[in-house]
Amino acid sequence: MASVAFKSVTKSYGSNAVIHGVDMQIADGEFIVVVGPSGCGKSTLLRMVAGLEAITGGTISIGERVVNQLEPKDRDIAMVFQNYALYPHMSVFENMAYGLKIRGFSKTDIEARVKRAADILQLDPYLARRPRELSGGQRQRVAMGRAIVRQPAVFLFDEPLSNLDAKLRVQMRIEIKRLHRELGVTSIYVTHDQIEAMTLADRLVVMNGGRAEQIGPPKEVYERPATTFVATFIGSPAMNLLPARAVGPGSYELAGGLTMQLAGPAKAAAGAEVTLGIRPEHIALAPEGAALSVELAEELGADTIVYGRLDGGQELVVRVPGYLELAIGDRVFVQIDTSKIHQFDKASGQRL
Amino acid sequence: MHKRVTFDNKLLPYLLVSPQILVTIVFFFIPAGEAVVYSLFSQDAFGIEVNFVGLSNFLFLLNDPHYLRSFGITIFYSVAVAVSALIPALILAVLADGIAKGATVYKTLLIWPYAVAPAVAGVLWLFMFNPAVGIVAQWLKLVGIDWNYKLNGNQAMALVIFAAAWKQISYNFLFFLAGLQAIPKSLIEAAAIDGAGPVRRFFTIVLPLLSPTTFFLVVVNMVYAFFDTFGVIHAVTLGGPAGATNILVYKVFNDGFIGLDLGSSSAQSVILLIIVVILTVVQFRYVERKVQY
Amino acid sequence: MTSSNRLMSLLVHAILILGIAVVAFPILIALIASSHDALTLIGKFPFYFGDHFLDNYRTVLGEGMARAGGGAVGQMLMNSFVMAIVIAVGKIVISILSAFAIVYFRFPFRMGFFWMIFITLMLPVEVRILPTYQVIANLNLLNSYTGLTLPLIASATATFLFRQFFLTVPEELTEAARIDGAGPMRFFWDVLLPLSRTNIAALFVIVFIYGWNQYLWPLLVTQEESMYTVVMGIQRMVTVADAQAEWNLVMATTILALLPPVLVVVLMQRWFVKGLVETEK
């Protein structure tokens, strides 16, 4: 078990830069989730830790050692792949034992370790089977077992649950969390699914276009997103972004004429263009307030998601508890909890 | 095309390719190069006098009636082998494709001739057609045909064509069958609903869709006839009678090893080489298109 | 409707069986001939099996056609077998290593080597026959197993087959092996080779047949009877057989000559078909 440190890590393919300087300190035993859309560089970052991609600039350290020049096998890491990467011709036992066999562990050692991992993952009945005889969830567990037996300093997960169906994904998420609590190994977990990110992470790294836009615990990322990207990426349905202009201290005018008065110190100078953000669950239906023309209502059972348009054209998404039945064209009134409004600079997207 | 994930070793890859490259250089490139070189020289039977003669070996060949005759014979021979091997194979494949059960049994029973060496096939047919003891020869005599392939050039040609085609039938059958089974049944059914009878369906739907396979097989069969049937000729007719079955590849051997005319034989090799290159390029071009199909 | 369908179906089967019979006819003749003594075969051909079957085969295996000067067929079969096995194993080993190098490494001249191997597709042995003979003669390898097999041991088709297959092996398998600590050769032996089993089997069938059926090359390279292979040895028996009319022995030899490859095809049919299809791509 060890800490992991990223110092100004960059990655380029030729003249094409894909990672633009990531700095991060991961504590021993922490579970870090790197989340972001396709192409944001999260997998590349992970693979640089693993040693499967070269590090163009900066350093990555595991424990006290800088690992830039080390081969994957010398970095004391283990990886769980999206497609499991199990050796098809080897049994489950042999798959898990392979890395140990190469490193010269004794037979008794290997057996002990594999047995222990199999116990933890409930794979005992399957040790003699081949991967093709297993279900997706079982294969993923074997992949994790292969990582566990190595007892490495760092676990690396590359979108391990993407190939599983929704129900299995929930199950495996809980498994992984349980494993982490039991084993306490430093883990770096890459996913594009923000639910996995929120539920598994001690801290989140939200990446976009090769940059880490925010690093922090899930609660902080959710309640105080650093940029409009993070604000809309985390949370479903996404946060509403409303373009506005400051017309006075704490006073904003939205497109279409609505005005809002926010409490607290003024964040923007008069006349500045801003983006205001408000999450759908912080808007409530009320007997009076701003008028919303309903365009679509999705009844999810526990909540209803209402897509509508304010007078003046601004689109708004509202999450309402309960099972409403609204029709297209209905007019309702909404009240926005102004204490939950986020303010971002319009041009840069940065939080004000 | 290569993998994204590769190993970094510097020396190891060279060690791994070296056996193949070594054999390739020593037994492919050097001999091929020497063949080209020899073709530009002429030497007497003992190799004592060696003169550079440029392209005159080639020019001589292109004007040599014997060579031209051999060329013509080879072309006729390869077309005849291709046709004799393709048509029965197509018929059998169509029939085998039509039946539901037992297709695999027929497949097993039809593919084994591929394993028979051309020379052995030649000997088998030679035995059947031997003027003295051959069973088929006796039947032909009964029907009034004066059969003696050792004297009659046309008969000799017929014999080697059949011997060579016989074993190719199974190869073609396999590929035709695979090609037929790759045609979506829905197309045939749509045609049937449109009112096309079986014969029309065959000629307007099946055959065109089969054309990549057919083209591929035509090229393969011709290459086979050009090069792989040396054994048939050598075992059955030795190029005779009077050069009637003296195909190009046999002539190279005959002129070079028996006649000891190194220059001419090498020049013939070079010409054959050019033909192979052309045929291979054609095959690759078309196979590419076949894959896109 | 059904009766004409049934009739059609019967007709189809009948023609197929006819086709098989026609194709198998020469073998039947050969089998019959190999079961009689020499005299019975002169004159009208006997359409029944004789009782000299075992005698003929024993003679041919042991002494060959002694009067014809042909060697013992048993020895020839041995030579053919050695040649076919050595070529098959040699080709597979060399090609799989080359394909591994070309696919899994990046090194200078990689593409150069690839094209070098590719070009040999266009160089059948008949085209380079004379100089190849000279090379072998100069290396003092005439009349040896080495001389018989070495020139035929490099092949582009096998290398391509393996290359094609390796390109379909998932990248992550290699990555997982690297993380597990496997170096390239370890990866090759533990992971790649087992995965290539069916391709190797398919190729083995094709190459074994190719090696066994070689004709022109053994003809040139062997000068002593003890090194003859059975496929080329038959020709000598035939040219003499005419004068001596010992067709029963010739046919017995023919059957022996075609039996091993045919058995391989029939017993390993699935791999054979796969091999044919893969190598022609």
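Structure: see above.
Cut-offs applied
- Residues numbered from 1 in each chain as written.
- Chains lettered and ligands numbered in written order.
- Predicted model: local features only at pLDDT ≥ 70, side-chain atom pairs only at ≥ 80, totals over all residues.
- Contact = placed C-beta atoms within 7 Å.
- Helix = DSSP H or I, 4+ residues; strand = E, 2+ residues; numbered from the N terminus.
- Buried ≥ 20, exposed ≤ 12 C-beta atoms within 10 Å, placed from the backbone.
- Pairing = 2+ DSSP bridges.
- Right-handed = clockwise from strand over helix to strand, strands pointing away.
- Axes fitted to C-alpha atoms, helices over the stretch in contact; angles between N-to-C directions.
- Parallel < 35°, antiparallel > 145°, perpendicular 65-115°, else oblique.
- Left-handed = near helix turned anticlockwise from the far one by under 90°.
- Nonpolar A, V, L, I, M, F, W, Y, C, P; charged D, E, K, R; others polar.

On to the interface of chain B and chain C. Counting from both sides, the interface comprises 77 residues of chain B and, opposite them, 78 residues of chain C. Examining the composition of the side of chain B that touches chain C, we find that 18 residues originate from one element, helix α1 (residues 12-39) of chain B, more than from any other.

Contact analysis covers two pairs of chains in contact, and the most contacts occur between chains B and C. What separates chain A from chain B at the closest point of their C-alpha atoms is a distance of 8 Å, and the two make no contact.

Right, let's get into the pairing of strand β7 (residues 154-158) of chain A. Residue and element names in this part refer to chain A. Taken across its five residues, β7 has five buried, putting it largely inside the fold. Alternating residues of β7 divide into Val154, Leu156 and Asp158 and Phe155 and Phe157, and every residue in both groups is buried. Looking at chain direction, strand β6 (residues 77-80) and β7 are connected through four bridges and run parallel. The residue bridging Ala78 from the neighbouring strand is Phe155, located in β7. Judged from the five bridges that link them, β7 and strand β8 (residues 186-191) form a sheet pairing that is parallel. The residue of β8 that forms the bridge with Phe157 is Tyr189. Traced from β7 through helix α5 (residues 166-183) to β8, the parallel crossover comes out right-handed.

For residues other than glycine, phi is negative in most cases, and the peptide bonds are mostly trans. Of the consecutive residues Ser236(A) and Pro237(A), the connecting peptide bond is found in the cis state with omega at 0°. Positive phi values are uncommon outside glycine, yet Leu238(B) reaches one of about 50°. Mapped onto the elements of the fold, Leu238(B) is located in the loop between α10 (230-236) and α11 (248-258). Overall, Leu238(B) belongs to the partly exposed group, with 16 C-beta atoms counted inside 10 Å. Backbone geometry at Ala242(B) places phi at a positive 55°, although glycine is not the residue there. Looking at the secondary structure, you find Ala242(B) in the loop between α10 and α11.

Time to look at the sheet that holds strand β16 (residues 290-299) of chain A. Residue and element names in this part refer to chain A. In spatial order, the strands read β15-β19-β16-β17-β18; together these five strands make up an open sheet with antiparallel pairing. Looking along the sheet, the strands with just one partner apiece sit at the ends: β15 (283-286) and β18 (315-321). Neighbouring strand axes in the sheet, compared pairwise and without regard to direction, differ in orientation by 50° on average. As judged from the four bridges shared by β15 and strand β19 (residues 331-336), these two strands associate in the antiparallel manner. Directly across from Ala284, in β19, lies its bridge partner Gln335.

Turning our eyes to something else, we now look at the packing of helix α3 (residues 65-98) of chain B against helix α7 (residues 153-181) of chain B. Residues and elements named next belong to chain B. One way to put it is that α3 packs onto α7 with a least axis distance of 6 Å and a crossing angle of 40°. The angle between α3 and α7 falls in the class oblique. The crossing of α3 and α7 is right-handed. When the residues that make up the contact of α3 with α7 are grouped by side-chain class, the tally is 22 nonpolar, four polar and one charged.

Now for the interface of chain C and chain A. On the chain A side, the residues contacting the 14 residues of chain C number 17 residues. The set of elements that each furnish at least two residues to the side of chain C that touches chain A consists of α9 (171-180) and α10 (184-195) of chain C. Here the side of chain C that touches chain A gets seven residues from one element, more than from any other, and that element is α9(C).

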